[in-house]
Amino acid sequence: MSENNETGAADTSVADVPADSVDSFNLEDLINTHFEDPVMSEPGLEHKIGLPYDQIIKHIPENGRKVIQNLRASYTKKTQELAQERAQIESLKEELDRQKRMMTDSDWAKGIRAAAEDNSELDVWDEDGRKASIKREAAKMMADMIKPLQQEIAHEKRSVEIEKFKTAHPDLAEHRVEIAKLLMERAELKLEDAYYLVKAKATTKREEEERATKVAHRTQTKEALMKTSTGKNIESGKLTQPKFKDAWSAYQWIKANGGR
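Residues numbered from 1 in each chain as written. Predicted model: local features only at pLDDT ≥ 70, side-chain atom pairs only at ≥ 80, totals over all residues. Heavy atoms only, no water.

Draft legend 1. Looking closely at the overall build of the protein. Helix and strand content of the protein: eight helices and two strands. Its helices and strands in sequence order give the protein the pattern α-α-α-α-α-α-α-β-β-α, from N to C terminus. The proportion of buried residues among the 260 residues of the protein is 14%. Partitioning the contacts of the protein with sequence separation of at least 6, the portion at a separation of at least 24 is 46%. (Helix = DSSP H or I, 4+ residues; strand = E, 2+ residues; numbered from the N terminus. Buried < 20%, exposed > 50% of the residue type's maximum accessible area, 1.4 Å probe, protein only. Contact = heavy atoms within 4.5 Å.)

So this is what it looks like as structure tokens:
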């Protein structure tokens, strides 16, 4: 089976395949099949074709088009299966998070912590006192059991907060060395506190440098104007004698500058 392409050359056709076996083609089979053809020798190899799909498909034999369609159907099925799996995973994750919150932040968990931390004196010889003592010991045991979970959740929550803060303050990376140094020096600081302290210091330093630059520029401008108008050497504190066109001009300049 062969067809002519637009240039008149004969297309290479696949062998006829029985209709009942065409549906066996899928992505896994294609990926795991080894081909001698150099065009398809490497699974990860990509080619630039430069033509739209419809211009290529119309030159492919019918069995070849069936293979492509089956692969499209296989891909669609896989993406749907992956979407369902992701939805199930998200549902399980939400349920796990709900159970974690119940074990750490619910009224029940708060009641356990309160009972475990109750240090009031109890009369163990009294029946109510004995019951209260047993409940307190049970609460302490339960509090010890859920403490690692509480720490894990607190750590996860803190990690999310840090990532959000980094996203909201992209310039944090510019000050990471100063922030790390400050956090090592002051262990009680949080990342956010260290960032704002370093940022404030950097801003103050930059403003001081800008003010110093402006002052220096004004001073240089003033000195240049004074040199031009008086002929004095400001840096050395000595008079710079100008050139004179005659003796009378020289006498007048010397007299004006304290000469005799």
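Next comes the rest of the description.
Draft legend 2. Up close: the packing of helix α4 (residues 107–116) against helix α5 (residues 127–168). α5 packs onto α4 with a crossing angle of 125 degrees between their chain directions and a minimal axis gap of 8 Å. Relative to α5, the element α4 is oriented oblique. Seen along the crossing, α4 lies across α5 with a hand that is left-handed. Where α4 approaches α5, its residues Trp108, Ile112, Arg113, Ala115 and Ala116 are matched on the opposing element by Arg136, Ala139, Lys140, Met142, Ala143 and Gln150. Residue composition of the contact of α4 with α5, grouped by class: seven nonpolar, one polar and three charged. (Axes fitted to C-alpha atoms, helices over the stretch in contact; angles between N-to-C directions. Parallel < 35°, antiparallel > 145°, perpendicular 65-115°, else oblique. Left-handed = near helix turned anticlockwise from the far one by under 90°. Nonpolar A, V, L, I, M, F, W, Y, C, P; charged D, E, K, R; others polar.)

Draft legend 3. Broad picture of a negative patch on the surface. Judged by side-chain charge, Glu207, Glu208, Glu209 and Glu210 come together as a negatively charged surface patch. Relative accessible area serves as the criterion here: at 44%, glutamate 209 is assigned to the partly exposed category. (Patch = residues over 30% accessible without salt bridge, like charges linked within 9 Å, V, L, I, M, F, W, Y side chains within 5 Å. Areas by Shrake-Rupley, 256 points an atom, 1.4 Å probe, with all protein chains shown as cover. Salt bridge = Lys/Arg side-chain N within 4 Å of Asp/Glu carboxyl O. Lys, Arg positive; Asp, Glu negative; His and termini not counted. Charge placed at Lys NZ, Arg CZ, Asp CG, Glu CD.)

Draft legend 4. Spotlight on the side chain of arginine 136. Of note, arginine 136 is situated in helix α5. Discounting residues that sit within four places of it in the chain, arginine 136 has contacts with Ala115, Asp118, Asn119, Ser120 and Leu122.

Draft legend 5. Main features of the packing of aromatic side chains. Summed over the entire model, instances satisfying the criterion amount to three aromatic pairs. For the ring pair phenylalanine 165 and tyrosine 195, a centre distance of 5.4 Å and an interplane angle of 85 degrees mean the geometry is edge-to-face. You can see phenylalanine 165 sitting in helix α5 and its partner tyrosine 195 sitting in helix α7 (residues 191–230), a full 30 residues away along the chain. Accessibility classification places phenylalanine 165 together with tyrosine 195 in one group, the buried group. With a centroid separation of 5.9 Å and 85 degrees between ring planes, the pair formed by phenylalanine 165 and tyrosine 196 is classed as edge-to-face. With a gap of 31 residues between them, phenylalanine 165 in helix α5 and tyrosine 196 in helix α7 connect regions that are remote in the sequence. For phenylalanine 165, a relative accessible area of 8% corresponds to the buried category. Of the residues examined, tyrosine 196 reaches a relative accessible area of 46% and is grouped as partly exposed. Chaining the aromatic ring pairs together yields one cluster made of Phe165, Tyr195 and Tyr196. (Phe/Tyr/Trp six-rings, centres within 6.5 Å; stacked < 30°, edge-to-face > 60°.)

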